[in-house]
Amino acid sequence: MALRTILTAPDPRLKKKSKPVASVDAEVGQLMDDMLETMYAAPGIGLAAPQIGELRRVIVLDIDREEVKTGPIVMANPEIVAASDEDATYEEGCLSVPEHYSDVVRPAKVTVRYLDRDGGTKEMTCEGLLATCVQHEIDHLDGILFIDHISALKRNMILRKLLKARKEQERDEADGKPADKPKSKKKESASAI
Ligand SMILES: [Zn+2]
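Below: a short report on this structure. Fair warning: this is a prediction, and the values are worked out from it, not measured in the lab.

### Quick look at the overall build of the protein chain
- A count of helices and strands for the protein chain gives three helices and eight strands.
- Written out in order from the N terminus, the α and β elements of the protein chain read α-β-β-β-β-β-β-β-α-α-β.
- Its C-alpha radius of gyration of 17 Å places the protein chain within 12% of the 16 Å reference for a compact globule of 193 residues.
- For the C-alpha atoms alone, the extent of the protein chain along its principal axes is close to 50 × 40 × 30 Å.
- Relative to all contacts within the protein chain whose residues are 6 or more apart in sequence, the contacts with residues 24 or more apart total 66%.
- When the accessible surface of the protein chain is split by element, carbon and sulfur atoms take 51% of a total near 10300 Å².
- Across the protein chain, 29 positive and 34 negative side-chain charges occur, with their mean positions spaced 6 Å apart.

### Remarks on a negative patch on the surface
- Residues Asp85, Glu86, Asp87 and Glu127 make up a contiguous surface patch of negative charge.
- Tracing the sequence through the fold places Asp85 in the loop between strand S3 (73–83) and strand S4 (87–94).

### Examining the side chain of Arg57
- On the secondary structure map, Arg57 appears in the loop between strand S1 (46–48) and strand S2 (58–61).
- Exposure remark for Arg57: the relative accessible area of 13% places this residue in the buried category.
- Within polar-contact distance, the side chain of Arg57 engages the backbone oxygen of Leu141 at 3.2 Å.
- Setting aside chain neighbours within four positions, we find Arg57 in contact with Lys17, Ser18, Lys19, Pro20, Met75, Ala76, Asn77, Pro78, Leu141 and Asp142.

### Structural notes on the sheet that holds S3
- Taken in spatial order, the five strands line up as S1-S2-S3-S6-S7 in an open sheet, and their pairing is antiparallel. What marks the edges here is a single partner per strand, and that holds for S1 and strand S7 (121–127). Across the sheet, the mean angle from the axis of one strand to that of its neighbour is 40°, orientation sign disregarded.
- Bridging between strand S6 (residues 109–115) and S7 involves seven bridges; their strand directions are antiparallel. Across the sheet, Leu115 pairs through a bridge with Thr121, a residue of S7.
- Seen against the sheet, helix H1 (residues 26–41) touches S1, S2 and S3 and runs at an angle of roughly 40° to S2.
- Across the sheet, helix H2 (residues 128–141) touches S1, S2, S3, S6 and S7, and the angle it forms with S2 is around 155°.

### Topic: the pairing of S2
- Burial along S2 is two-sided: the face carrying Val58 and Val60 and the face carrying Ile59 and Leu61 are both buried.
- In this sheet, S2 lies alongside S1 in antiparallel orientation, the contact comprising three bridges. Residue pairing across strands places Gly46 opposite Leu61, the latter belonging to S2.
- Bridge analysis of S2 against S3 gives four bridges, and the strand direction is antiparallel.

### Some remarks on the nonpolar core
- With 20 residues, the main nonpolar core has Met75, Val112, Met124, Cys126, Leu130 and Val134 as its most contacted residues.
- Of all the secondary structure elements, the ones that give two or more residues to this core are S2, S3, S6, S7 and H2.
- Top element by residues in this core is H2. It accounts for seven residues.
- Apart from the residues within four sequence positions on either side, Leu130 is in contact with Leu61, Ile63, Thr70, Ile73 and Met124.
- In this structure, Val21, Met32, Val58 and Val60 belong to the second largest nonpolar core, which totals 18 residues.

### With respect to H2
- End to end, H2 covers 21 Å across 14 residues, agreeing with the expected 20 Å (1.5 Å per residue, within 8%).
- In terms of burial, H2 is largely enclosed, as 13 of its 14 residues are buried.
- Taken from the residues just after H2, Gly143 is the one with a positive phi, measuring 75°.

The rules behind these values
Residues numbered from 1 in each chain as written. Predicted model: local features only at pLDDT ≥ 70, side-chain atom pairs only at ≥ 80, totals over all residues. Heavy atoms only, no water. Helix = DSSP H or I, 4+ residues; strand = E, 2+ residues; numbered from the N terminus. Rg over C-alpha atoms; globule rule 2.2 N^0.38 Å. Contact = heavy atoms within 4.5 Å. Areas by Shrake-Rupley, 256 points an atom, 1.4 Å probe, with all protein chains shown as cover. Lys, Arg positive; Asp, Glu negative; His and termini not counted. Charge placed at Lys NZ, Arg CZ, Asp CG, Glu CD. Patch = residues over 30% accessible without salt bridge, like charges linked within 9 Å, V, L, I, M, F, W, Y side chains within 5 Å. Salt bridge = Lys/Arg side-chain N within 4 Å of Asp/Glu carboxyl O. Buried < 20%, exposed > 50% of the residue type's maximum accessible area, 1.4 Å probe, protein only. Polar contact = N/O pair within 3.5 Å; in protein donor to acceptor, adjacent residues only side chain to side chain. Pairing = 2+ DSSP bridges. Axes fitted to C-alpha atoms, helices over the stretch in contact; angles between N-to-C directions. Core = buried A, V, L, I, M, F, W, Y, C linked by side-chain atoms within 4.5 Å. Expected span 1.5 Å × (residues − 1).

The structure is reproduced here in structure tokens:
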């Protein structure tokens, strides 16, 4: 397994559409393992392959909250085949949009069809945080970030702040200063996915 670098917005690779995998072969299995390791290290509860620069339709999840404990879930070519009319709102965060959180409205319940680690076709009905997380990760495969679901005003403000933070970090690195750890503590309700 290998730890991979997580891309942050605004990186053009995060806006691209990912391609389906032909099958879950050893190489895709390795990618899934690397993604899980990278997600746990971040730490986050979900990760999509384009977030590590691999434009392939692979996502991983592991929600460990009081109300939901899923254990590791890996999905190749995930596809939403049914969605509820009822919506749910969650405050979302993203490993590719560090330190920013916003309420996003999505269908409360979805059914996902996907290939599992052994290449078998599976279907899973997801509710609550898992439903949010799965939809957030599938969005990544289509080049959509959670900030694309909020107002343009707020999105542009977040993107400007991310760009400024990146420039400051690059300047500090050029000056030989050690990279700062993010100062603010993540809010309990927010999820980095
Ligand atoms: Zn994300």
